[in-house]
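# Descriptive analysis of the structure
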Amino acid sequence: MHQQSPTAGPVQIVTITPDHKFILDEKKLKEILYHRRAQGKKISLVSIAGDFRKGKSFMLDFFLRYLRAKNQKEWIGKESEPLKGFDWRGGAGRHTTGMIMWSEPFLMSLPNGEEIAVLLMDTQGTFDSNSTVFENAFIFALTLLVSSVTVYNIMHNLQEDNLQHLSFFAEYGVLALDAYHTSPFQQLTFLVRDWQFEYETPYGFHGGEEVLTNRLQIRPNQHHDLELVRSRLRQCFRKVNCFLMPHPGLKVTNRREFDGRLEDIEKDFKTQLHSFIPELFRSDNANFVKEINGEQITSTQLFEYFRTYCAVFASGELPSPKAMLEATAEANNLAAKAVSKEFYTRAMEQHCGGDRPYIHPNQLDALHQEVHRQSIEKFRCARKMGGEEMSQTYLQDLENELAEQYSNYKKHNDSKNVFAFSRTPTTFISCMVLCYIIAGLLDAVWLGGINFIFMFAFWLCFVLLSMWLYTKYSGDHAEIGEYIDYFADVIWVHGFHPVYSRCIRSAMRSVLGHTKVE
Ligand SMILES: Nc1nc2c(ncn2[C@@H]2O[C@H](COP(=O)(O)OP(=O)(O)OP(=O)(O)O)[C@@H](O)[C@H]2O)c(=O)[nH]1
Ligand SMILES: [Mg+2]
């Protein structure tokens with residue numbers, strides 16, 4: 001795990017307006033997901049969702065401490081240190097609004113040594129008096145869709161309404177399961193706060209599993225809806241588990257001046273934090289890395305999913321599970337396209353980016369052909385949802401975008417060619433002068449018979465130079481101009497340049513008076 005910069009902090013990526021519309025801040029989200037530390041890496045997004053005023057942001061700050069401490073045993077911090085990071089506070093009015101992500105990814109290693117980027121996200125609490133049903137559903141849906149691990153924070157007990165809340169997603173999940181044979185959601189962890197029945201069921205994951213099994217049991221004569229949610233939940237979430245957390249103590253809940261310091265928190269709570277958080281961030285958990293359609297995705301892809309899902313929800317109504325499935329397929333193609341385009345850009349930047357010198361147009365073209373081929377191949381090989389027809393549309397888009405990028409690289413490369421622009425006429429004029437002098441000298445020593453060779457070279461240079469001038473100033477037959485440039489390059493590199501460098505070196509030797517100038 002890497003050191004975070006001192007400016008790292010919470011960033012609002014989704015804002016909810018007073019008229020209950022939401023706005024995705026693509027620029028800020030892009031800054032996080034395209035952070036240099038996350039580039040090209042697989043991603044894990046751990047989020048927390050649930051009712052308002054139930055200690056979600058507070059809990060996230062402990063996640064933050066764990067990730068910052070780089071696996072140290074004493075990750076939980078000092079006894080008198082205030083708890084900071086995602087904003088949390090006491091009181092009855094809701095605090096977090098929209099969706100908030102930590103500005104920098106954390107790095108973790110998978111058991112096979114591969115580094116992945118881990119992100120944290122806080123969400124607006126549901127069911128406060130200001131938010132609408134759609135708002136709640138939107139927050140919850142988007143969180144589940146983009147996260148690899150969602151912590152569903154609930155108070156006191158796992159109740160029927162908590163399960164009902166998930167019924168819509170279960171329906172979508174089953175649809176996706178039928179269509180693509182892979183479960184769309186990964187890990188759902190119920191986190192029961194203030195568990196009061198420790199005498200009956202112990203704190204921790206073991207107790208949680210007991211409660212969960214009990215609640216998910218299908219009983220005879222149960223209402224059809226209740227039965228459906230239960231049967232589907234385990235099907236469409238790849239992992240569902242539950243953790244029972246003790247009450248943190250009265251100083252935490254009742255004191256206005258409580259600032260999150262550990263010395264004010266009950267020992268039981270701290271002990272359970274030690275068992276909950278390291279387990280939640282276990283990198284050998286198969287569901288830790290975000291997957292869509294059975295493929296582990298990178299941060300670039302996640303960005304496309306975010307955008308597409310937000311566009312689907314923009315109508316202001318919760319879309320049907322079928323529409324969500326279509327959106328996922330669309331996002332899946334968009335993400336594959338983004339990865340291929342990123343590959344193309346990165347490879348081209350390496351060879352002809354802003355800080356690279358001018359390269360010959362033929363060389364640039366050969367580079368483009370090869371990188372383009374690989375980029376298209378990458379798109380074709382990516383697992384895509386939505387069938388061949390949908391993927392063809394996106395392939396065409398990719399082709400167009402790559403062609404546009406190539407034309408920009410060409411223009412940029414040409415603009416670096418100031419010297420090369422003057423090199424062609426300089427070379428030809430020098431050749432002509434040289435040929436003319438040699439022909440004159442030969443004439444003077446009565447060897448005029450072989451003059452025709454030099455006069456031929458003279459006129460050849462003259463014709464090439466005229467043609468070159470014509471192509472440059474008229475803009476016609478640009479490829480002929482490029483060939484002439486190439487020919488002049490060859491003469492320059494193999495003829496003039498070595499002679500010229502040798503002259504400079506010997507001139508320097510004679511000026512400096514020693515022989516070791518290279
Ligand atoms: N009862 C109880 N209170 C807690 C717990 N953890 C933190 N709190 C307190 O709950 C209050 C709200 O904490 P936040 O983290 O801001 O809660 P939140 O769920 O993020 O609230 P919203 O952002 O408004 O949705 C604070 O006073 C915390 O001290 C807990 O486990 N149980
Ligand atoms: Mg909060």
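Residues numbered from 1 in each chain as written. Chains lettered and ligands numbered in written order. Predicted model: local features only at pLDDT ≥ 70, side-chain atom pairs only at ≥ 80, totals over all residues. Heavy atoms only, no water.

### What to know about the coordination of the magnesium ion (ligand 2)
Surrounding the magnesium ion (ligand 2) are the protein donor atoms S57 (OG) and T96 (OG1), which sit 2.0 to 2.1 Å from the metal. Residue S57 is located in helix α2 (residues 56-68), and its partner T96 is located in the loop between α2 and β4 (99-102); the two are separated by 39 residues in the primary sequence. Note on S57: relative accessible area 7%, which makes it buried. On the basis of relative accessible area, T96 is assigned to the buried category, the value being 10%. (Donors = N, O, S within 2.8 Å, 3.2 Å for Na, K, Ca; no water. Helix = DSSP H or I, 4+ residues; strand = E, 2+ residues; numbered from the N terminus. Buried < 20%, exposed > 50% of the residue type's maximum accessible area, 1.4 Å probe, protein only.)

### Section: a nonpolar patch on the surface
Together, V445, W446, L447, I450, F452 and I453 make up a nonpolar patch on the protein surface, roughly 700 Å² of accessible area in all. By the element assignment, V445 lies in the loop between α14 (418-444) and α15 (451-474). Residue classification places V445 among the partly exposed residues on the basis of a relative accessible area of 49%. (Patch = residues over 30% accessible without salt bridge, like charges linked within 9 Å, V, L, I, M, F, W, Y side chains within 5 Å. Areas by Shrake-Rupley, 256 points an atom, 1.4 Å probe, with all protein chains shown as cover. Salt bridge = Lys/Arg side-chain N within 4 Å of Asp/Glu carboxyl O.)

### A look at the nonpolar core
If you look at soluble globular proteins, the nonpolar side chains tend to sit buried side by side. Membership of the largest hydrophobic core comes to 64 residues, with the highest contact counts inside it found for I13, L166, F190 and F306. With nine residues, the top contributor of residues to this core is helix α3 (residues 133-146). Dropping the residues within four chain positions of it, F190 is found in contact with Y152, I154, L158, L163, L166, L212, L233, V240, N241, C242 and F243. Core analysis: the next-biggest nonpolar cluster, separate from the first, contains 41 residues, F58, M59, W102 and F106 among them. (Core = buried A, V, L, I, M, F, W, Y, C linked by side-chain atoms within 4.5 Å. Contact = heavy atoms within 4.5 Å.)

### Description of the confidence of the model for the protein chain
Looking at the protein chain, pLDDT values average 85 and 95% of them are 70 or higher. Overall fold confidence (pTM) sits at 0.76, and the ipTM for the predicted complex is 0.98. (pLDDT = per-residue confidence, 0-100.)

### Some remarks on the domain arrangement of the protein chain
The accessible area lost on association of the parts is a frequent measure of interface size. Considered domain by domain, the protein chain is made up of domain 1 (13-317), domain 2 (338-417) and domain 3 (424-513). For domain 2 and domain 3, the distance between their C-alpha centres works out to 37 Å. (Domains from an automatic or database assignment.)

### Some remarks on the UniProt feature "transmembrane region" (unreviewed entry) in the protein chain
Using the residue numbers shown here, the UniProt feature "transmembrane region" (unreviewed entry) corresponds to residues 418-439 and 445-470. End C-alpha atoms of residues 445-470 are separated by 38 Å, and the span's content is 77% helix alongside 0% strand. (UniProt positions renumbered as here; feature names shortened; annotations may be inferred.)

### Some remarks on the pairing of β4
Side chains M99 and M101 of β4 all project onto a buried face; the interleaved residues I100 and W102 project onto the opposite face, where all are buried too. Here four bridges tie strand β1 (residues 10-16) to β4, and the two strands are oriented antiparallel to one another. Bridge assignment links Q12 to a residue of β4, and that residue is I100. Two strands pair when backbone bridges link them, and β4 and strand β6 (residues 115-123) are joined in this way by three bridges, in the antiparallel orientation. Each residue of the ladder has a partner; that of M101, found in β6, is M121. (Pairing = 2+ DSSP bridges.)

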